[in-house]
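For reference, the chains in residue letters:
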Amino acid sequence: MPDPAINEVRYLIAEAIDAVAAPAVRDRVIARALKLAQYDEVPDHGREIRVFIRDHLAAALAEVLEPDVAEGVVESLHPLMERTSGAEMTGLNQMPDLSAPLPTPQVVGSTLREPAGPKLRLATPRAKTEGTLRCVVLFSADEDKAYRIEVALGGGAPTVHAKNSLAMLDALRDHGADGAVVVVDCVEASVEPWALIALGGQIAPEARLLFWGPCPDFELELAHLDGRRWRTVCADVSAEQVGKICCALVRGPAPA
(Lines give C-alpha, C1' and ligand atoms only; values in the text may rest on other atoms or scores of the structure.)
Protein backbone atom coordinates (compact mmCIF):
# COMPACT_ATOMS: atom_id res chain seq x y z
CA MET A 1 0.00 0.00 0.00
CA PRO A 2 1.45 3.42 -0.96
CA ASP A 3 2.53 5.74 1.80
CA PRO A 4 0.02 8.63 2.27
CA ALA A 5 2.94 10.91 3.20
CA ILE A 6 4.71 10.37 -0.13
CA ASN A 7 6.41 13.38 -1.73
CA GLU A 8 3.64 14.82 -3.90
CA VAL A 9 5.93 16.16 -6.62
CA ARG A 10 7.77 12.84 -6.83
CA TYR A 11 4.46 11.07 -7.33
CA LEU A 12 3.41 13.40 -10.15
CA ILE A 13 6.77 12.90 -11.87
CA ALA A 14 6.54 9.13 -11.42
CA GLU A 15 3.03 9.13 -12.82
CA ALA A 16 4.19 10.93 -15.97
CA ILE A 17 7.03 8.43 -16.51
CA ASP A 18 4.73 5.46 -15.82
CA ALA A 19 2.70 6.45 -18.87
CA VAL A 20 5.61 5.57 -21.18
CA ALA A 21 7.95 3.27 -19.26
CA ALA A 22 8.04 0.32 -16.87
CA PRO A 23 8.33 0.90 -13.10
CA ALA A 24 11.96 -0.25 -13.09
CA VAL A 25 12.82 2.36 -15.73
CA ARG A 26 10.90 5.01 -13.81
CA ASP A 27 12.85 4.34 -10.62
CA ARG A 28 16.16 4.34 -12.50
CA VAL A 29 15.36 7.66 -14.19
CA ILE A 30 14.40 9.39 -10.93
CA ALA A 31 17.47 8.02 -9.16
CA ARG A 32 19.69 9.26 -12.00
CA ALA A 33 18.06 12.71 -11.95
CA LEU A 34 18.62 12.97 -8.20
CA LYS A 35 22.27 12.06 -8.70
CA LEU A 36 22.68 14.71 -11.41
CA ALA A 37 21.03 17.31 -9.20
CA GLN A 38 22.97 16.14 -6.13
CA TYR A 39 19.73 15.87 -4.16
CA ASP A 40 18.67 13.23 -1.67
CA GLU A 41 14.97 13.77 -2.39
CA VAL A 42 12.86 15.24 -5.18
CA PRO A 43 12.39 18.96 -4.38
CA ASP A 44 8.91 19.96 -3.35
CA HIS A 45 8.68 23.73 -3.77
CA GLY A 46 9.30 26.69 -6.05
CA ARG A 47 12.16 27.16 -8.47
CA GLU A 48 13.91 23.97 -7.39
CA ILE A 49 11.10 21.89 -8.91
CA ARG A 50 11.34 23.66 -12.25
CA VAL A 51 15.13 23.34 -12.42
CA PHE A 52 15.00 19.69 -11.41
CA ILE A 53 12.47 18.80 -14.13
CA ARG A 54 13.84 21.03 -16.90
CA ASP A 55 17.52 20.18 -16.42
CA HIS A 56 18.18 17.05 -14.39
CA LEU A 57 15.09 14.95 -15.07
CA ALA A 58 15.17 15.84 -18.77
CA ALA A 59 18.81 14.71 -18.97
CA ALA A 60 18.06 11.44 -17.17
CA LEU A 61 15.09 10.74 -19.44
CA ALA A 62 17.20 11.38 -22.55
CA GLU A 63 19.67 8.70 -21.45
CA VAL A 64 17.11 5.86 -21.51
CA LEU A 65 14.20 6.94 -23.71
CA GLU A 66 13.78 7.96 -27.33
CA PRO A 67 14.14 11.74 -27.76
CA ASP A 68 10.49 12.36 -28.65
CA VAL A 69 9.29 10.20 -25.74
CA ALA A 70 11.61 11.95 -23.28
CA GLU A 71 10.44 15.35 -24.52
CA GLY A 72 6.82 14.22 -24.17
CA VAL A 73 7.31 13.38 -20.50
CA VAL A 74 8.82 16.79 -19.79
CA GLU A 75 6.03 18.44 -21.79
CA SER A 76 3.40 16.64 -19.70
CA LEU A 77 5.01 18.10 -16.57
CA HIS A 78 4.78 21.71 -17.77
CA PRO A 79 1.54 22.29 -15.80
CA LEU A 80 3.40 21.26 -12.66
CA MET A 81 6.23 23.68 -13.43
CA GLU A 82 3.74 26.47 -14.16
CA ARG A 83 1.91 25.75 -10.93
CA THR A 84 5.11 26.29 -8.97
CA SER A 85 6.05 29.55 -10.70
CA GLY A 86 6.26 32.48 -8.32
CA ALA A 87 7.19 36.10 -7.92
CA GLU A 88 10.88 35.31 -8.34
CA MET A 89 10.09 34.38 -11.95
CA THR A 90 7.58 37.08 -12.92
CA GLY A 91 8.62 40.04 -10.79
CA LEU A 92 4.94 41.05 -10.66
CA ASN A 93 4.47 40.93 -6.90
CA GLN A 94 6.93 43.55 -5.70
CA MET A 95 6.22 45.38 -2.48
CA PRO A 96 5.09 49.01 -2.92
CA ASP A 97 7.32 51.84 -1.75
CA LEU A 98 5.64 52.76 1.54
CA SER A 99 8.07 55.63 2.19
CA ALA A 100 6.82 57.63 -0.79
CA PRO A 101 4.56 60.60 0.10
CA LEU A 102 0.86 60.27 -0.56
CA PRO A 103 -0.38 62.11 -3.67
CA THR A 104 -1.87 65.54 -3.03
CA PRO A 105 -5.61 65.51 -3.67
CA GLN A 106 -6.75 67.78 -6.49
CA VAL A 107 -9.08 70.57 -5.36
CA VAL A 108 -12.17 70.83 -7.57
CA GLY A 109 -13.51 74.32 -8.13
CA SER A 110 -17.05 75.19 -7.05
CA THR A 111 -17.96 76.43 -10.56
CA LEU A 112 -18.07 72.90 -12.02
CA ARG A 113 -21.54 71.70 -12.88
CA GLU A 114 -22.86 68.70 -11.03
CA PRO A 115 -23.63 65.75 -13.28
CA ALA A 116 -27.31 65.18 -14.01
CA GLY A 117 -27.03 61.53 -12.93
CA PRO A 118 -24.50 59.17 -11.47
CA LYS A 119 -21.52 58.54 -13.72
CA LEU A 120 -21.03 55.00 -12.49
CA ARG A 121 -23.47 52.21 -13.14
CA LEU A 122 -23.75 49.58 -10.48
CA ALA A 123 -22.79 46.15 -11.71
CA THR A 124 -25.42 43.43 -11.66
CA PRO A 125 -24.83 41.23 -8.61
CA ARG A 126 -23.21 37.94 -9.48
CA ALA A 127 -25.38 34.88 -9.28
CA LYS A 128 -24.99 32.91 -6.09
CA THR A 129 -22.60 30.02 -6.71
CA GLU A 130 -22.38 28.57 -3.20
CA GLY A 131 -23.60 25.01 -3.25
CA THR A 132 -23.38 24.79 -7.05
CA LEU A 133 -21.73 21.80 -8.70
CA ARG A 134 -19.02 23.27 -10.92
CA CYS A 135 -17.53 20.08 -12.35
CA VAL A 136 -17.11 16.36 -11.84
CA VAL A 137 -13.60 14.98 -12.40
CA LEU A 138 -13.72 11.25 -13.05
CA PHE A 139 -10.94 8.69 -12.81
CA SER A 140 -12.15 5.50 -14.47
CA ALA A 141 -10.93 3.01 -17.04
CA ASP A 142 -14.54 2.72 -18.26
CA GLU A 143 -15.41 5.63 -20.56
CA ASP A 144 -19.08 4.62 -20.54
CA LYS A 145 -19.32 5.53 -16.86
CA ALA A 146 -18.17 9.08 -17.57
CA TYR A 147 -20.80 9.39 -20.31
CA ARG A 148 -23.58 8.08 -18.06
CA ILE A 149 -22.63 10.44 -15.23
CA GLU A 150 -22.61 13.34 -17.68
CA VAL A 151 -26.09 12.40 -18.91
CA ALA A 152 -27.31 12.13 -15.31
CA LEU A 153 -26.06 15.64 -14.58
CA GLY A 154 -28.09 16.95 -17.49
CA GLY A 155 -25.53 19.53 -18.56
CA GLY A 156 -25.57 21.12 -15.12
CA ALA A 157 -21.80 20.70 -14.78
CA PRO A 158 -19.00 19.52 -17.08
CA THR A 159 -17.63 16.02 -16.63
CA VAL A 160 -13.85 15.87 -17.04
CA HIS A 161 -12.43 12.41 -17.72
CA ALA A 162 -8.94 12.85 -16.23
CA LYS A 163 -6.04 10.77 -17.51
CA ASN A 164 -3.68 11.69 -14.68
CA SER A 165 -3.40 13.74 -11.51
CA LEU A 166 -2.15 16.86 -13.27
CA ALA A 167 -5.22 16.84 -15.53
CA MET A 168 -7.36 16.65 -12.39
CA LEU A 169 -5.56 19.60 -10.77
CA ASP A 170 -5.97 21.66 -13.95
CA ALA A 171 -9.70 20.89 -14.05
CA LEU A 172 -10.12 21.98 -10.43
CA ARG A 173 -8.27 25.19 -11.22
CA ASP A 174 -10.21 25.91 -14.43
CA HIS A 175 -13.74 25.11 -13.20
CA GLY A 176 -13.54 26.08 -9.53
CA ALA A 177 -12.63 23.65 -6.79
CA ASP A 178 -15.22 25.11 -4.39
CA GLY A 179 -17.95 23.21 -6.21
CA ALA A 180 -16.05 20.24 -7.63
CA VAL A 181 -16.26 16.54 -6.91
CA VAL A 182 -13.51 14.07 -7.87
CA VAL A 183 -14.95 10.59 -8.48
CA VAL A 184 -12.49 7.70 -8.22
CA ASP A 185 -13.72 4.45 -9.76
CA CYS A 186 -11.98 1.88 -7.56
CA VAL A 187 -13.40 -1.10 -9.49
CA GLU A 188 -12.13 -0.13 -12.94
CA ALA A 189 -9.41 2.18 -11.73
CA SER A 190 -7.30 4.48 -13.89
CA VAL A 191 -5.40 5.85 -10.89
CA GLU A 192 -4.24 4.36 -7.60
CA PRO A 193 -6.84 5.54 -5.04
CA TRP A 194 -4.16 6.03 -2.40
CA ALA A 195 -2.43 8.46 -4.76
CA LEU A 196 -5.16 11.05 -4.29
CA ILE A 197 -4.88 10.77 -0.52
CA ALA A 198 -1.13 11.26 -0.88
CA LEU A 199 -1.76 14.34 -3.05
CA GLY A 200 -3.97 15.95 -0.44
CA GLY A 201 -1.71 18.99 -0.22
CA GLN A 202 -2.05 19.65 -3.96
CA ILE A 203 -5.83 19.23 -4.14
CA ALA A 204 -7.77 22.35 -3.14
CA PRO A 205 -9.43 21.83 0.27
CA GLU A 206 -12.82 22.85 -1.16
CA ALA A 207 -12.92 19.87 -3.53
CA ARG A 208 -14.74 16.70 -2.47
CA LEU A 209 -13.50 13.20 -3.26
CA LEU A 210 -15.89 10.31 -3.81
CA PHE A 211 -14.40 6.80 -3.87
CA TRP A 212 -16.70 4.51 -5.84
CA GLY A 213 -16.46 0.85 -4.85
CA PRO A 214 -13.32 0.83 -2.68
CA CYS A 215 -12.01 -2.46 -1.34
CA PRO A 216 -12.72 -3.12 2.37
CA ASP A 217 -9.10 -2.56 3.40
CA PHE A 218 -8.94 0.86 1.72
CA GLU A 219 -12.31 1.88 3.15
CA LEU A 220 -11.11 0.87 6.62
CA GLU A 221 -7.98 2.98 6.24
CA LEU A 222 -10.07 5.98 5.16
CA ALA A 223 -12.06 5.68 8.37
CA HIS A 224 -8.89 6.52 10.31
CA LEU A 225 -8.17 9.65 8.26
CA ASP A 226 -9.77 13.09 8.25
CA GLY A 227 -13.09 12.35 6.57
CA ARG A 228 -14.33 15.86 5.87
CA ARG A 229 -13.13 15.78 2.26
CA TRP A 230 -14.12 12.33 1.02
CA ARG A 231 -16.95 9.85 0.96
CA THR A 232 -17.29 6.26 -0.22
CA VAL A 233 -20.14 4.52 -2.08
CA CYS A 234 -20.64 0.85 -2.87
CA ALA A 235 -19.58 -0.62 -6.19
CA ASP A 236 -23.17 -1.51 -7.07
CA VAL A 237 -24.26 2.14 -6.99
CA SER A 238 -25.15 3.14 -10.57
CA ALA A 239 -23.46 5.92 -12.54
CA GLU A 240 -26.76 7.80 -12.49
CA GLN A 241 -26.86 7.64 -8.69
CA VAL A 242 -23.23 8.80 -8.52
CA GLY A 243 -24.23 11.90 -10.48
CA LYS A 244 -26.95 12.68 -7.92
CA ILE A 245 -24.53 12.08 -5.04
CA CYS A 246 -22.09 14.57 -6.59
CA CYS A 247 -24.79 17.24 -6.52
CA ALA A 248 -25.69 16.40 -2.92
CA LEU A 249 -22.07 16.69 -1.78
CA VAL A 250 -21.83 20.34 -2.81
CA ARG A 251 -25.42 21.43 -2.12
CA GLY A 252 -25.59 20.11 1.43
CA PRO A 253 -23.39 20.97 4.40
CA ALA A 254 -19.73 20.05 4.28
CA PRO A 255 -19.23 16.37 5.10
CA ALA A 256 -18.56 15.94 8.81
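Small disclaimer: the values here were computed from a predicted structure and weren't measured.

(A) Spatial organisation of unusual backbone geometry. For Q38, which is not glycine, the phi torsion reads 60° and is therefore positive. Along the polypeptide, Q38 turns up in the loop between α2 (23-37) and α3 (46-64). Looking at Q38, the relative accessible area reads 73%, which means it is exposed.

(B) Looking closely at the nonpolar core. Judged by nonpolar contacts, the single largest core of 55 residues is most densely connected at I13, I53, L57 and M168. Of the residues forming this core, the biggest block, seven residues, is contributed by helix α1 (residues 8-18). Core analysis: the second largest hydrophobic core is formed by 19 residues, A146, W212, C246 and L249 among them.

(C) Expanded view of the side chain of S140. Tracing the backbone shows S140 in the loop between β1 (135-139) and α7 (143-153). Not counting residues up to four positions away in its chain, the partners in contact with S140 are K145, H161, D185, E188 and S190.

(D) Looking closely at helix α4 (residues 67-76). Of all the positions in α4, only A70, V73 and V74 are classed as buried. Seen from one end, α4 has its buried residues packed into an arc of 95°, which puts them on one side. Away from its buried face, by an angle of more than 90 degrees, α4 presents the exposed residues D68 and E71. As for α4, its buried residues are in contact with α1, α3 and α5 (78-83).

About the thresholds
Residues numbered from 1 in each chain as written. Predicted model: local features only at pLDDT ≥ 70, side-chain atom pairs only at ≥ 80, totals over all residues. Heavy atoms only, no water. Helix = DSSP H or I, 4+ residues; strand = E, 2+ residues; numbered from the N terminus. Buried < 20%, exposed > 50% of the residue type's maximum accessible area, 1.4 Å probe, protein only. Core = buried A, V, L, I, M, F, W, Y, C linked by side-chain atoms within 4.5 Å. Contact = heavy atoms within 4.5 Å. Arc of directions from axis to C-beta.

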